[in-house]
Amino acid sequence: MHSETHIKEKLTAFLKQHSISDLPVILQRPREDRFGDFTSNLAMQLARHLRKSPRDIALDITAQFGDDDPVVDHTEVAGPGFINFYVRKEGLLDALRAILKADKQYGRVQRENPPTAQIEFVSANPTGPLTIGHGRQAVLGDAVARILEAAGYDVTREYYFNNAGRQMRVLGQSVRLRYLEICGASVDFPEDHYQGAYIRDIAQKLYDRHGDSLKNSDDITPFKDIAEEEIFKDIKGTIARLGFAFDSFFNEKSLYDEGKIDAMVNRLKEKNLVAEKDGAVWFLTSQLGFDQDRVIIKSTGEPTYRLPDMAYHVTKMERGYDRIIDIFGADHIDTYPDVLAALKVLGYDVDKVTVLIHQFVTLTENGEKVKMSTRKANFVTLDDLLDEVGVDVTRYFFLMRSMHSHLNFDLALAKTHSDENPVFYIQYAHARICSILKLAEDKKLTWQQGLSRLDNLKTEEETALIRELTEFPKIIQKCTETLEPHKLVNYLHNLATVFHKFYTVCRVITGDEALSLARLALIQATRIVIGNGLNILGISAPERM
RNA sequence: GCGCCCUUAGCUCAGUUGGAUAGAGCAACUGCCUUCUAAGCAGUGGGUCGGAGGUUCGAAUCCUCCAGGGCGUACCA
């Protein structure tokens, strides 16, 4: 880390000498270790400005790093004009010591006054158990929350729901019909009602509680209420199994009760962005650069989802978060531009808002696609999945791909408890390390004793491992910017590869005590990084497998 | 028609603000356990990065056009 900033400063100074200010200094980790610790393409970038060949410029730059440089051991000019920097070994060892010292804090940012972030996700209405589709969003959202926490944010996880709409009425009616069946009535169960077996379970529960005393009730309220209660209990249980909990559940109804819906309409009216047409109330988005206006209150007097969405986001703004993150599935792609437009026109700082859109999950089993739908009965629930494969596999599968890509969830592979399953590759590296540390402990060898013997680390594999470990904070930084957990997954997988390679070539506990101790320190540092990384993903780091 | 996402090895996918010989897992094949966990390692085969132009020292990456797939384009959410 220190070496990196040192080199950057020198490169910046070189730019200053040539009065160039608009060129960012880029120092990258080369793809291959044989190209050094850091590499810069600066000379090639400068070729046009300075009207000299990249290699000549590179030589001018490397001349800045003499034999007496405190950080850089040597440099080389390679290929079309890359400058490769090789740092002094002591710099790497310092970085290693820093990891051991920071321990569980390594990669995390501590702040005096933590900024706040709110992240809204899942937000499924309580009409049925969470499906595998919801699973992607739940795991993604929690991982993003954990990344922000690692970056020093105080994070609120919020679940927004609506228990008043048409869906809920159909749900209540579905429970009522199943209840009547249990009471012995013959009923005609409509196809567009909720077919799932859980409806019968809820009806049964109601029957157990009240017998058939509700069978002549035309009011669906008791049916709806128990359905909501039971389904929410179920949803919260599933979320708990995934390893987190929501800090708040926001009921859309409160927006009506507190007059925030009317207030929203009035505020837009004041901006002359509301008009009545065909008996409905429209938000004149066409005046804000959109291709069409949008209905916010139907001719029935019932608001469309956009209006409460806007009012809801106003509350997010008013609650004073420094950052607001919404996670939506691809099917909601069209809902947020209007919401943001409304916020902007009302003077809120929409730059605080980040909307993450993730693509769908395709579930395949035995080579066939399984269509998931809550209404129809043929879904596989998230709970079922957790029963089959456990939390770690579930979370890993949802996090290993970019949210922008469709996720092909191979149920057969996920169920496999063997080396075919990629989760275990990272966890296995951690377990191996713990096993060695345990063995060393039995021999009265500790990694702490290795701190003063780190200069015994010399092999290619050892150096490669240290370099990889020092990347961790940069990966966290990157994840904080992009909010893409899969980048952390990829990093940990790669780190595990470097470790497994080291493990195969370098035996840790040998007759050479000084070397053994140094290597214990190295694997302890590796354990820290893998452990911290998995923790941010919400995946366990087992000590034995 | 319009908007967003995707198209990279047989399959599923990575690929750093444009960089050096495009990678991983799975599948196929070949080796490696009397020594800290073989859920591992080493190796082989497998590619016109959907197609065509353009930008430049340099493009899987940026721009334009085209083709294919997903999602949306509701007085559903």
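Residues numbered from 1 in each chain as written. Chains lettered and ligands numbered in written order. Predicted model: local features only at pLDDT ≥ 70, side-chain atom pairs only at ≥ 80, totals over all residues. Heavy atoms only, no water.

> What exactly am I supposed to notice about the overall build of chain A here?
A count of helices and strands for chain A gives 20 helices and 15 strands. A principal-axis box enclosing the C-alpha atoms of chain A has dimensions of 90 × 60 × 45 Å. For chain A, the residues scored as buried account for 52% of the 545 residues in total. Carbon and sulfur atoms form 47% of the exposed surface of chain A, whose accessible area is close to 25800 Å². Averaged over its 68 positive side-chain charges, chain A has a centre that lies 2 Å from the centre of its 79 negative ones. (Helix = DSSP H or I, 4+ residues; strand = E, 2+ residues; numbered from the N terminus. Buried < 20%, exposed > 50% of the residue type's maximum accessible area, 1.4 Å probe, protein only. Areas by Shrake-Rupley, 256 points an atom, 1.4 Å probe, with all protein chains shown as cover. Lys, Arg positive; Asp, Glu negative; His and termini not counted. Charge placed at Lys NZ, Arg CZ, Asp CG, Glu CD.)

> Looking at this structure, I do not really get helix 6 (residues 166-182). What am I missing?
Think of an α-helix as turning once every 3.6 residues; residues three or four places apart then point the same way. A rise of 1.5 Å per residue sets the reference length of helix 6, with its 17 residues, at 24 Å; its end C-alpha atoms lie 25 Å apart and thus fit the reference within 8%. Burial in helix 6 covers these residues: Met 168, Val 170, Leu 171, Gly 172, Ser 174, Val 175, Arg 176, Leu 177, Arg 178, Tyr 179 and Leu 180. As for helix 6, its buried residues are in contact with helix 7 (197-210) and helix 8 (221-242). Among the residues trailing helix 6, Gly 184 stands out with phi positive, at a value near 100 degrees. (Expected span 1.5 Å × (residues − 1). Contact = heavy atoms within 4.5 Å.)

> Explanation requested: the nonpolar core in the structure shown.
Soluble globular proteins tend to pack their nonpolar side chains together in the buried interior. By size, the foremost hydrophobic cluster in this structure holds 140 residues, and its most contacted members are Ile 61, Phe 409, Leu 488 and Leu 520. Top element by residues in this core is helix 20 (residues 513-537). It accounts for 13 residues. Residues within four places of Leu 488 in sequence aside, it is in contact with Phe 472, Ile 475, Ile 476, Cys 479, Gly 533, Ile 536 and Leu 537. Core analysis: the next-biggest nonpolar cluster, separate from the first, contains 33 residues, Leu 273, Val 281, Ile 324 and Ala 342 among them. (Core = buried A, V, L, I, M, F, W, Y, C linked by side-chain atoms within 4.5 Å.)

> Just checking my understanding: could you explain the protein's contact with RNA strand B for this structure?
Neighbouring RNA strand B are 62 residues, the closest being Phe 82, Lys 298, Arg 401, Tyr 428 and Ser 435. Each atom of RNA strand B within 4 Å of the protein was classed as base or backbone; sugar and phosphate made up 63%. His 332 places a side-chain nitrogen or oxygen 3.2 Å from a base nitrogen of RNA strand B. With respect to RNA strand B, the side chain of Lys 478 contributes an N or O atom lying 2.8 Å from a phosphate oxygen. Only helix 2 (42-50), strand 4 (82-87), strand 10 (294-297), helix 15 (423-442) and helix 19 (486-505) provide two or more residues apiece to the surface near RNA strand B. (Near = heavy atom within 4 Å. Polar contact = N/O pair within 3.5 Å; in protein donor to acceptor, adjacent residues only side chain to side chain.)

> How do you make sense of the domain arrangement of chain A when you look at a structure like this?
One frequently used descriptor of interface size is the decrease in accessible area upon assembly of the parts. Assigned domains within chain A: domain 1 (2-87), domain 2 (166-242) and domain 3 (420-537). When each unit is reduced to the centre of its C-alpha atoms, the spacing between domain 1 and domain 2 is 69 Å. (Domains from an automatic or database assignment.)

> Looking at this structure, how should I read the sheet that holds strand 4?
Each strand in a sheet pairs with another by means of backbone hydrogen bonds, the pair being arranged parallel or else antiparallel. Reading across the sheet, the four strands line up as 1-2-4-3 and stay open at both edges, with antiparallel pairing between neighbours. In this open sheet, the two edge strands, each paired with only one partner strand, are strand 1 (27-28) and strand 3 (72-78). Pairing analysis gives six bridges linking strand 3 to strand 4, with the strands arranged antiparallel. The partner of Ala 78 across the bridge, within strand 4, is Phe 82. (Pairing = 2+ DSSP bridges.)

> Looking at this structure, I do not really get the sheet that holds strand 7 (residues 248-251). What am I missing?
In spatial order, the strands read 7-6-5-11-12; together these five strands make up an open sheet with parallel pairing. Both outer strands of the open sheet, strand 7 and strand 12 (353-358), are each paired with one neighbouring strand and no more. Here the average twist between neighbouring strands, direction ignored, is 25 degrees. Sheet contacts for helix 8: strand 6 (154-161) and strand 7; angle to strand 6, the most-contacted strand, approximately 145 degrees. (Axes fitted to C-alpha atoms, helices over the stretch in contact; angles between N-to-C directions.)

> Is there a simple way to think about unusual backbone geometry in this case?
Peptide bonds are mostly trans, and most non-glycine residues show a negative phi. A positive phi is found at Val 122, a non-glycine position, where the angle reads about 65 degrees. Looking at where Val 122 falls in the secondary structure, it is placed in the loop between strand 5 (116-120) and helix 5 (132-150). Although it is not a glycine, Asn 272 adopts a positive phi angle of roughly 60 degrees. By the secondary structure assignment, Asn 272 is in the loop between helix 10 (260-270) and strand 8 (274-277).

> Hey, could you run me through the packing of aromatic side chains in this one?
Each aromatic ring pair is characterised by the separation of its centres together with the angle its planes make. Enumeration according to the criterion identifies 21 aromatic pairs in this entry. Between the aromatic rings of Tyr 159 and Phe 246, the centroid separation amounts to 5.2 Å while the plane-to-plane angle is 90 degrees, which identifies the pairing as edge-to-face. Of this pair, Tyr 159 sits in strand 6 while Phe 246 sits in the loop between helix 8 and strand 7, placing them 87 residues apart in sequence. Judged by its relative accessible area of 10%, Phe 246 falls in the buried class. An angle of 45 degrees between the planes, with centres 6.1 Å apart, marks the rings of Phe 499 and Tyr 503 as tilted. Placement of both Phe 499 and Tyr 503 in helix 19 is noted, with a separation of four residues, approximately one turn of the helix. Owing to a relative accessible area of 33%, Tyr 503 belongs among the partly exposed residues under this scheme. The ring of Phe 65 is capped by Lys 10, whose NZ or CZ atom sits 5.0 Å from the centre of that ring. Above the plane of the ring of Tyr 503 lies Arg 432, whose end atom (NZ or CZ) is 3.8 Å from the centre. (Phe/Tyr/Trp six-rings, centres within 6.5 Å; stacked < 30°, edge-to-face > 60°. Lys NZ or Arg CZ within 6 Å of the ring centre and 35° of its normal.)

> It is not clear to me how the environment of Asp 334 should be interpreted in this structure. Could you clarify?
The residue Asp 334 is located in the loop between strand 11 (323-329) and helix 12 (336-345) in this model. What Asp 334 contacts, discounting residues up to four positions off in sequence, is Arg 294 and Arg 306. Polar contacts involving the side chain of Asp 334 include one to the side chain of Arg 294, which spans 3.4 Å.

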